[in-house]
Amino acid sequence: MMNATLSNLQVGDKVVYPNHGVGVIEQISSRTLGNQVERFYLLKIKASSLKVMVPFASLGSVGLRRVVKNGEVQKILDFLTDGECCNNTDWKYRFKENSDKMRTGSLMEVAVVLKGLLLLSQTKPLSFREKKMLERARYLLVSELAMAKNWEDVQVEDLLTKTLAKSKLRFPEVSAAEA
């Protein structure tokens, strides 16, 4: 079942493809497969320039959605400032829970993962996989908020740094080896 708000997407609309980030609809096309005509969106993912074809029929299942609006942006910033976060103490369960949250496509869930991992990193070093997940969450948050606010990524990084500082959190420094 297709989400009504997605059925009227236009070329040029900004959308989010879960776990890949923000993209722009470049084309709306049809293809004939056997005796079926299938319509799809052709997206260009901002970060990687990857082109993705998303059939109308699977919009809901892949979690494609519009970029968040300003009201949602404020809710995310409020959560990062003083939202409650709890982490599973068992690494395997925590990693699975966080992976599941990242796959939902919800920017709020991505913010929950980001804040949870930042809190955890204050008490112990993150594993390599959790560091990667933290960087992914940071990237997804920054790129979508930049698209939503029509800002440069660096402006959003600054906003997030100030927001996280209110709850005594900060992004880890990117080491020269990782950059």
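A brief structural summary. Since this is a predicted model, take the numbers as computed values, not measurements.

Some words on the environment of serine 29
Step number 1: Counting through the fold element by element, serine 29 comes out in strand S2 (residues 21-33).
Step number 2: When the C-alpha atoms of serine 29 and leucine 42 are compared, they prove to be 7.6 Å apart, with 13 residues separating the residues in sequence.
Step number 3: The residues contacting serine 29, other than those within four sequence positions of it, are Glu38, Arg39 and Phe40.
Step number 4: At 3.2 Å, the side chain of serine 29 and the side chain of glutamine 27 are in polar contact.

Focus on the packing of helix H5 (residues 128-149) against helix H6 (residues 153-165)
Step number 1: As a packed pair, H5 and H6 sit with axes 9 Å apart at the nearest point and diverge in direction by 115°. Viewed along their axes, H5 and H6 adopt a mutual orientation that is roughly perpendicular. Crossing angle aside, the handedness with which H5 passes H6 is right-handed. Note on element contacts: H6 touches H5 through Asp153, Val156, Glu157, Leu159 and Leu160, opposite Arg138, Leu141, Val142, Ser143, Leu145, Ala146 and Lys149.

Looking at H5
For an α-helix the count is 3.6 residues per turn, leaving residues at separations of three or four pointing the same way.
Step number 1: Compared with the 32 Å implied by 1.5 Å per residue over 22 residues, the 32 Å span of H5 between its first and last C-alpha is a close match.
Step number 2: Backbone geometry just after H5 places asparagine 150 at a positive phi near 60°.

Some thoughts on the packing of aromatic side chains
Step number 1: A full pass over the atoms with the stated rule returns 2 aromatic pairs.
Step number 2: Judged by centre distance (5.1 Å) and plane angle (10°), the rings of tryptophan 91 and phenylalanine 95 are stacked. In this pair, tryptophan 91 and phenylalanine 95 both sit in helix H3 (residues 91-103), 4 residues apart, roughly one turn of the helix.
Step number 3: Since its relative accessible area comes to 30%, tryptophan 91 is described here as partly exposed.

Some points on the pattern of salt bridges
Step number 1: Under the counting rule described, the total for this entry stands at 11 salt bridges.
Step number 2: Two residues, aspartate 153 and lysine 46, come together in a salt bridge whose shortest N-O distance is 3.4 Å. Taken together, the positions of aspartate 153 in helix H6 and lysine 46 in the loop between strand S3 (36-45) and strand S4 (51-55) put the pair 107 residues apart, joining distant regions of the chain.
Step number 3: For aspartate 153, a relative accessible area of 32% puts it in the partly exposed group.
Step number 4: Exposure remark for lysine 46: the relative accessible area of 43% places this residue in the partly exposed category.
Step number 5: Between arginine 94 and glutamate 130 there is a salt bridge; the shortest N-O distance is 2.6 Å. Of this pair, arginine 94 sits in helix H3 while glutamate 130 is found in helix H5, placing the two residues 36 residues apart along the sequence. Glutamate 130 carries the same exposure label as arginine 94, and that label is buried.
Step number 6: Among the charged side chains, a salt-bridge network with shared partners connects Lys96, Asp100 and Arg103.

Thresholds, definitions, all that
- Residues numbered from 1 in each chain as written.
- Predicted model: local features only at pLDDT ≥ 70, side-chain atom pairs only at ≥ 80, totals over all residues.
- Heavy atoms only, no water.
- Helix = DSSP H or I, 4+ residues; strand = E, 2+ residues; numbered from the N terminus.
- Contact = heavy atoms within 4.5 Å.
- Polar contact = N/O pair within 3.5 Å; in protein donor to acceptor, adjacent residues only side chain to side chain.
- Axes fitted to C-alpha atoms, helices over the stretch in contact; angles between N-to-C directions.
- Parallel < 35°, antiparallel > 145°, perpendicular 65-115°, else oblique.
- Left-handed = near helix turned anticlockwise from the far one by under 90°.
- Expected span 1.5 Å × (residues − 1).
- Phe/Tyr/Trp six-rings, centres within 6.5 Å; stacked < 30°, edge-to-face > 60°.
- Buried < 20%, exposed > 50% of the residue type's maximum accessible area, 1.4 Å probe, protein only.
- Salt bridge = Lys/Arg side-chain N within 4 Å of Asp/Glu carboxyl O.

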